[in-house]
Amino acid sequence: MADPSSYRPKPGQIPDSPGVYKFRDEHRRVIYVGKAKNLRQRLANYFQDLAGLHPRTRTMVTTAASVEWTVVSTEVEALQLEYSWIKEFDPRFNVKYRDDKSYPYLAVTLNEEFPRVQVMRGAKKKGVRYFGPYGHAWAIRETVDLMLRVFPVRTCSAGVFKNAERTGRPCLLGYIGKCSAPCVGRVTPEEHRDLAEDFCDFMAGRTGTYIRRLEKDMMQAAEEMEYERAARLRDDAEALKRAMEKSAVVLADATDADLIAVAEDELEAAVQIFHVRGGRVRGQRGWVTDKVEAVDTAGLVEHALQQLYGEETGDSVPKEVLVPALPEDPDAVSQWLADRRGSQVSLRIPQRGDKKDLMGTVQRNAQQALGLHKTKRASDLTTRSRALEEIAEALGLDTAPLRVECFDISHLQGDDVVASMVVFEDGLARKSEYRRFQIKGFEGQDDVRSMHEVIGRRFKRYLQEKERTGEWEDTPAPTGPVPAPGGPVPAPGGTGETDGAGEAGGTAEAPGTVEAGGTGETPGTAETPGTAETPRTGEPGPGTVAPAAQDPVTVREEPREDDGRPKRFAYPPQLVVVDGGQPQVAAAKRALDELGIDDIAVCGLAKRLEEVWVPDDDDPVVLPRSSEGLYLLQRIRDEAHRFAITYQRAKRAKRIRSSPLDDVPGLGETRKQALIKHFGSVKKLRQATIDEICEVPGIGRRTAESVAAAFATAAPAAPAVNTATGEIIEEDDGGSRT
């Protein structure tokens, strides 16, 4: 436990300007990010007598080993920079709301030639119009089914659409009048887009126009004695009314607003949001968080606003946001919201009328969500704690293993040998820490040797990170303002050291920041969830000034690792689990011994009898079948197996789909597809002459010669056979067989 006085900066070092500050731990990880109108006053609050601090604040300052800050010109800039850093560094002591599920949206893909109506989850895409979120996907489908009578917009996938184009026959919805069938030319692209835009207008709340138009057409058809057409129009109007009834009118005057309510206790808080568009509740969502920092209702509201609107722009930010308590600086938050929307946003507390009544409903939902979450988590926490205690007792550990890493090897008859590493912290999967490896030391099938290589590589990196961060040295971590290289002069009394640069290719995130050059890991060798470490965005150097009008200072320098971001292999587990029996456990233990690591426990879980093996013991540890500890080990082992086999299959599929075109220098995916589309298949492309290849748009003679040479040197692949039917599968696109 660190003494805050050991890294407390002198009062004269800290500016009295607005800014954002970061606390780092002994590993140089950023553990807390905050903002302040006056940095000197705010930071002084953290270094008072520990007995007077809130328990969570006391835990944070005793975990930290240094503090740094960045000066900005306005409170709005501080809000933006705080949000960016919380998202980038994921500090453990900041409040972070997490969705209890992925909420579905009704989406209209206006970025396509023929827009499609569908259910979508996850990150929002550019050019797609979203409505919601909804509590259940079936609710979206019911609404869409009613509206397709009036707005017969395409709902099929790209594959179904292309198949209908090829055959000239629409799908079932085209035959029953719930799709305008643009795939077979019943409507033009312009007419279909008008239908999609009318659909969006209706969903956005402009409902009266369409219902009145249908009723007028119905009356006119009845006067002309076209009774069948009048009946269809009557049914269409009724369908739209039923769709409207699914979202009751709650506010008058076609109000567009989001209502946010918070329910909290000493340990946790729940947030509920109602999205009201056109006076109707169009969506609802909720978050729950642990109160890991000392924060009041106003602070929870501010964090919720950051998470809710941090990635949104335009109409996704409503004209009015109603909250139970105003943030500490409501003007700055309102200005930030207005910048996101592009026009004025009203942030206020409802005082009377329908809006206050609806806020009461949102508040009751938040209280119910918190109660339900606490009921679920009470049993979950108890179970996980008991499981970790049982594992510690069975393996003879001094404490419960709060961080467990599990390794598994996967291959197909000795080909494409890969390994996985999954991480569980406090009994829960931490997927951001997952890693995968390619076995490089040898070829062939040898699980024991593979396990030795992977464990050795993982913990060599741990020792390198430990040495790089100076953990083996008895030198205190730097504290105070640290300027970016070539940037502004540090605050008086500063150390002058540099810190916080981004990795290879990083770009300045805010004015006055540093773009650090350097080399990331080589693609194909990095032991990450992908193949190589992607360039990261730089961060402002502590103690630097970031005025809005100032251009970024760009400096190239050697890469620095102590930037506070979560490192790949910097944090050791208390327990290493391997998928296998005694041989795999012995290999893992030998790898640790060769590196001089003796403070990490090792065990293996054998699949056949679910026995737990430990090093230097001829007999396994047998946990009861009903043991929570055994169940947790099984979950960890199965997750490692899933992650390994997924990577192995992807690697094998990529190898199978390889084509001679992949070896042609300068030939990208677009021109590959152009070649395949022009000739129809790889087989026909292989038979083409250089002059015929030159006829493809975008292919010059030099490229055509390279393509022909690649096919000439590549041996033709053996034909693939469908084992179910005996049919030979032809090559078609990019060398892959379908």
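Structure first, text after, so check above.
Structure report, in brief.

Criteria and thresholds
Residues numbered from 1 in each chain as written. Predicted model: local features only at pLDDT ≥ 70, side-chain atom pairs only at ≥ 80, totals over all residues. Heavy atoms only, no water. Salt bridge = Lys/Arg side-chain N within 4 Å of Asp/Glu carboxyl O. Helix = DSSP H or I, 4+ residues; strand = E, 2+ residues; numbered from the N terminus. Buried < 20%, exposed > 50% of the residue type's maximum accessible area, 1.4 Å probe, protein only. Pairing = 2+ DSSP bridges. Patch = residues over 30% accessible without salt bridge, like charges linked within 9 Å, V, L, I, M, F, W, Y side chains within 5 Å. Areas by Shrake-Rupley, 256 points an atom, 1.4 Å probe, with all protein chains shown as cover. Lys, Arg positive; Asp, Glu negative; His and termini not counted. Charge placed at Lys NZ, Arg CZ, Asp CG, Glu CD. Contact = heavy atoms within 4.5 Å. Axes fitted to C-alpha atoms, helices over the stretch in contact; angles between N-to-C directions. Parallel < 35°, antiparallel > 145°, perpendicular 65-115°, else oblique. Left-handed = near helix turned anticlockwise from the far one by under 90°. Nonpolar A, V, L, I, M, F, W, Y, C, P; charged D, E, K, R; others polar. Expected span 1.5 Å × (residues − 1). Arc of directions from axis to C-beta. Phe/Tyr/Trp six-rings, centres within 6.5 Å; stacked < 30°, edge-to-face > 60°. Lys NZ or Arg CZ within 6 Å of the ring centre and 35° of its normal.

Considering the pattern of salt bridges
At step 1: Under the defined criterion, the tally for this structure stands at 26 salt bridges.
At step 2: With a shortest N-O distance of 2.9 Å, Asp691 and Arg701 are connected by a salt bridge. One end of the pair, Asp691, is in helix α18 (residues 690-694); the other, Arg701, is in helix α19 (residues 701-713), with 10 residues separating them in the sequence.
At step 3: Through salt bridges with shared partners, one network takes in Arg403, Glu405, Glu425, Arg430, Glu433 and Arg458.

A look at the environment of Val276
At step 1: Structurally, Val276 is set in strand β9 (residues 268-277).
At step 2: For the pair formed by Val276 and Pro318, sequence separation is 42 residues and the distance between their alpha carbons is 8.9 Å.

A short note on the pairing of β9
At step 1: By the criterion of burial, β9 is predominantly enclosed, with 10 of the 10 residues buried.
At step 2: Both faces of β9 are covered, namely the face carrying Glu268, Ala270, Gln272, Phe274 and Val276 and the face carrying Ala269, Val271, Ile273, His275 and Arg277.
At step 3: As defined by bridge partners, strand β8 (residues 257-264) adjoins β9 across 8 bridges and the pair is classed as antiparallel. The residue bridging Ala257 from the neighbouring strand is Val276, located in β9.
At step 4: Joining the antiparallel neighbours β8 and β9 is a turn of 3 residues.
At step 5: The sheet contact formed by β9 and strand β10 (residues 280-290) spans 10 bridges and is antiparallel. Across the sheet, the residue bridging to Ile273 is Arg285, located in β10.
At step 6: Linking two consecutive strands that pair antiparallel, namely β9 and β10, is a turn of 2 residues; a positive phi of about 65° is found at Gly278 within it.

A few points about a negative patch on the surface
At step 1: On the surface, a cluster of negative charge is contributed by Glu113, Glu165, Glu190, Glu191, Asp194 and Glu197.
At step 2: When residues of the negative patch are assigned to their parent elements, the largest contribution, 4 residues, is made by helix α7 (residues 189-203).
At step 3: Topologically, Glu190 is positioned in helix α7.

A word on the side chain of Lys35
At step 1: Relative to the helices and strands, Lys35 resides in strand β2 (residues 30-36).
At step 2: Sequence-distant contacts of Lys35, that is, excluding residues within four places in its chain, are made with Gly19, Val20, Tyr21, Arg42, Ala78, Leu79, Glu82 and Glu302.

Examining the sheet that holds strand β7 (residues 129-131)
At step 1: With antiparallel pairing, the 3 strands of this open sheet are ordered in space as β6-β5-β7. The strands lining the two open edges of the sheet, one partner per strand, are β6 (117-120) and β7. Within this sheet the neighbouring strands show an average axis-to-axis angle of 30°, counted without direction.
At step 2: Against the sheet, α7 touches β5 (105-108), β6 and β7, its axis set at about 150° to β5.

Thoughts on the packing of helix α3 (residues 75-89) against helix α11 (residues 330-341)
At step 1: The contact between α3 and α11 brings their axes to 9 Å, and the two run at 70°. As summarised for this structure, α3 and α11 are arranged roughly perpendicular, according to the angle between their axes. The interaxial crossing formed by α3 with α11 has right-handed handedness. Only Ala332, Val333, Gln335, Trp336 and Asp339 of α11 make contact with α3, whose side of the interface consists of Glu75, Val76, Leu79 and Gln80.
At step 2: Here the contact of α3 with α11 is composed, by residue class, of 5 nonpolar, 2 polar and 2 charged.

Things to note about the environment of Gln41
At step 1: Within the secondary structure, Gln41 is located in helix α1 (residues 39-46).
At step 2: Taking the relative accessible area as the measure of exposure, Gln41 reaches 55% and is therefore exposed.
At step 3: Taking the C-alpha atoms as reference points, Gln41 and Pro15, 26 residues apart in sequence, are found 9.3 Å from one another.

Quick look at helix α14 (residues 582-594)
At step 1: Over its 13 residues, α14 extends 18 Å from the first C-alpha to the last, a length consistent with the 18 Å expected when each residue adds 1.5 Å.
At step 2: Considered for burial, the residues of α14 that qualify are Gln584, Val585, Ala587, Ala588, Ala591 and Leu592. All buried residues of α14 project into a common sector of 160° when viewed along the axis, lining one side.
At step 3: Remark: Gly596 follows α14 within two positions and exhibits a positive phi of approximately 75°.

Section: the packing of α3 against helix α10 (residues 297-309)
At step 1: Two elements in contact, α3 and α10, have axes whose closest approach is 11 Å; the angle formed by their N-to-C orientations is 70°. One way to sum up the angle between α3 and α10 is to call them roughly perpendicular. Of α10, the residues touching α3 (which contributes Leu79, Glu82 and Tyr83) are Glu302, His303, Gln306 and Gln307.

Observations regarding a nonpolar patch on the surface
At step 1: A surface patch of nonpolar side chains, amounting to about 370 Å² of accessible area, comprises Leu172, Tyr175 and Ile176.
At step 2: When you line up the elements, Leu172 lands in helix α6 (residues 172-175).
At step 3: According to the relative accessible area criterion, Leu172 is exposed, its value standing at 61%.

A closer look at the pairing of strand β3 (residues 66-72)
Side chains on a regular strand alternate between the two faces of the sheet.
At step 1: Summarising burial for β3: 7 of the 7 residues are buried, a large majority.
At step 2: Alternating positions in β3 separate into two faces, Ser66, Glu68, Thr70 and Val72 on one and Val67, Trp69 and Val71 on the other, with burial throughout.
At step 3: Pairing between strand β1 (residues 19-24) and β3: 6 bridges, direction antiparallel. Each residue of the ladder has a partner; that of Phe23, found in β3, is Val67.

Some remarks on the packing of aromatic side chains
At step 1: Going through the model one piece at a time under the given rule, you end up with 14 aromatic pairs.
At step 2: Ring plane angle 40° and centroid distance 5.3 Å describe the contact between Phe114 and Phe161, whose orientation is recorded as tilted. Remark: Phe161 occurs in helix α5 (residues 158-167) and Phe114 occurs in the loop between β5 and β6; sequence separation between them is 47 residues. Accessibility assignment for this pair places Phe114 and Phe161 in one class, buried.
At step 3: One Lys or Arg, Lys22, reaches over the ring of Trp85 and ends 3.9 Å from the middle of that ring.
At step 4: Above the plane of the ring of Tyr175 lies Arg186, whose end atom (NZ or CZ) is 6.0 Å from the centre.

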